[in-house]
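Descriptive analysis of the structure
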Amino acid sequence: MLHFRLLGTAAGGGFPQWNCACDKCASSRAEPEKVSPRMQLQAAVWNSSDAIFLLNASPDLRFQIEANPELRPRTNLGNRNTPIQGIVLTTADLDQILGLLLLREFQPLTLYATALIRRVLEANSFFRMLERVPNQLSWVEIQAGVPFALGTSDIVCTPFAMPGELPVYAREFASGKPGQASLGLLLEGDGMRIAYTPVVPAITDSLRTIYSRCEAIFVDGTFWSDEELSKTHARMPTAQAIGHVPMSGKDGTIALLSDVPALQRVFVHLNNTNPVLDPRSGAYNAVVEAGWKIAQDGWELGQ
Ligand SMILES: [Zn+2]
């Protein structure tokens, strides 16, 4: 059986964010039972409990592993072991790769990434800690449109190109052709098809076609509205301008994907400015009424 679990659901910074006193962050501190705190986005997929794969690696990863018993080391396999076989990278964003630095300790791992993302990481001396001994890190270079099996599992992963540039810290690297800097993932196993697209700068026809073939889709839920950032922070750009289709509005995800038949439509990568974080909000109710779910930390597909 294919397991797909969300270990964290917030955008970069988490929820509440350390330097944010907005009403939502304040509510999640004062009434965590009503407005759930969230760790930064992290997903894991497996169909055998001894071969678990992470989709990216969040800065909260150590807590996320401990919070999910399936990901902890086994007490009957010696002092040093992990069921985590590998990590698939879809981006070089710090919120989605910093967790790699927590996975050193000489543990052999497989890292699936595009040639460009590999170059960005290998240019940074921190990441050499993952390659201190032979066979510690095995790189597998992946390409948009080329399916591959995840390790020893029979889960097939097909990356697909998403629009988007490298993050600001890595702008010295040329992004090259589309699909090098930012990927979506199509995961197939045990008769299930899942699309994982935490950052969606535009709903293209090809993306809609992929979503239409899936039983479950995980979609960019960073912002509720296009002007959301500018409401809480002066002189901030719109959601669209920084590469996120908002949930609401006639050009929003809910409207543009209303005809996608996926049984499970789930918003992930929720920014601390997003009103859907409060289940008492009108925005939250509108999302649920439209047949979408707001992802929760620890939520697993099929449950
Ligand atoms: Zn906040």
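Starting from 1, residues in each chain are numbered consecutively following that chain's sequence as written. Thresholds applied to this predicted model are a pLDDT of at least 70 for local features of residues and 80 or more for the giving and counting of side-chain atom pairs; totals over whole chains, interfaces and linings are not thresholded and use all residues. Processing note: side-chain calculations cover all non-hydrogen atoms of the structure and skip hydrogens and water entirely.

What follows covers the coordination of the zinc ion. Six octahedral donors around a metal ideally make angles of 90 or 180 degrees; four tetrahedral donors ideally make 109.5 degrees. Any N, O or S atom lying within 2.8 Å of the metal counts as a donor, and for Na, K and Ca the limit rises to 3.2 Å; water is left out, so some sites can look incomplete. Around the zinc ion, the protein contributes the donor atoms Cys 20 (SG), Cys 22 (SG), Cys 25 (SG) and Asn 272 (OD1), at 2.2 to 2.4 Å from the metal centre. In this structure, the zinc ion is coordinated by 4 donor atoms arranged in tetrahedral fashion, with angles at the metal of 98 to 120°. Here the donor residues of the zinc ion are spaced in sequence according to C-x1-C-x2-C-x246-N. Only four donors with every angle between 85 and 135 degrees are called tetrahedral; only four or six donors with opposite donors over 155 degrees apart and all others between 65 and 115 are called square planar or octahedral, in that order; all others are irregular.

Attention shifts here to the sheet that holds strand β10 (residues 192-197). In this description, strands pair whenever DSSP reports at least two bridges between them. Numbering of helices and strands runs from the N terminus; a helix is a DSSP stretch of H or I covering at least four residues, while a strand is a stretch of E covering at least two. If you walk across this open sheet you meet the 7 strands as β7-β8-β9-β10-β11-β12-β13, and the pairing is mixed. Pairing within the sheet leaves two strands with one partner each, and these edge strands are β7 (148-149) and β13 (293-294). Bridge analysis of β7 against strand β8 (residues 156-161) gives 2 bridges, and the strand direction is antiparallel. Bridge pairing in β8 places Phe 148 opposite Cys 157.

Turning to the sheet that holds strand β4 (residues 84-88), a few remarks are in order. One open sheet holds the 6 strands; their spatial order is β1-β2-β3-β4-β5-β6, and the pairing between them is mixed. In the strand order of this sheet, the two ends are held by β1 (3-8) and β6 (137-141), each with one partner. Mean inter-strand twist for the sheet, computed between neighbouring axes without regard to direction, equals 25°. Across 4 bridges, the pairing between strand β3 (residues 52-55) and β4 is parallel. Of the residues in β4, the one forming a bridge with Ile 52 is Ile 84. Lines are fitted to the C-alpha atoms to define the axes, a helix being fitted only along its stretch in contact, and any angle between axes, read from their N-to-C directions, falls within 0 to 180 degrees.

Keep in mind these numbers describe shape, not what the thing actually does.
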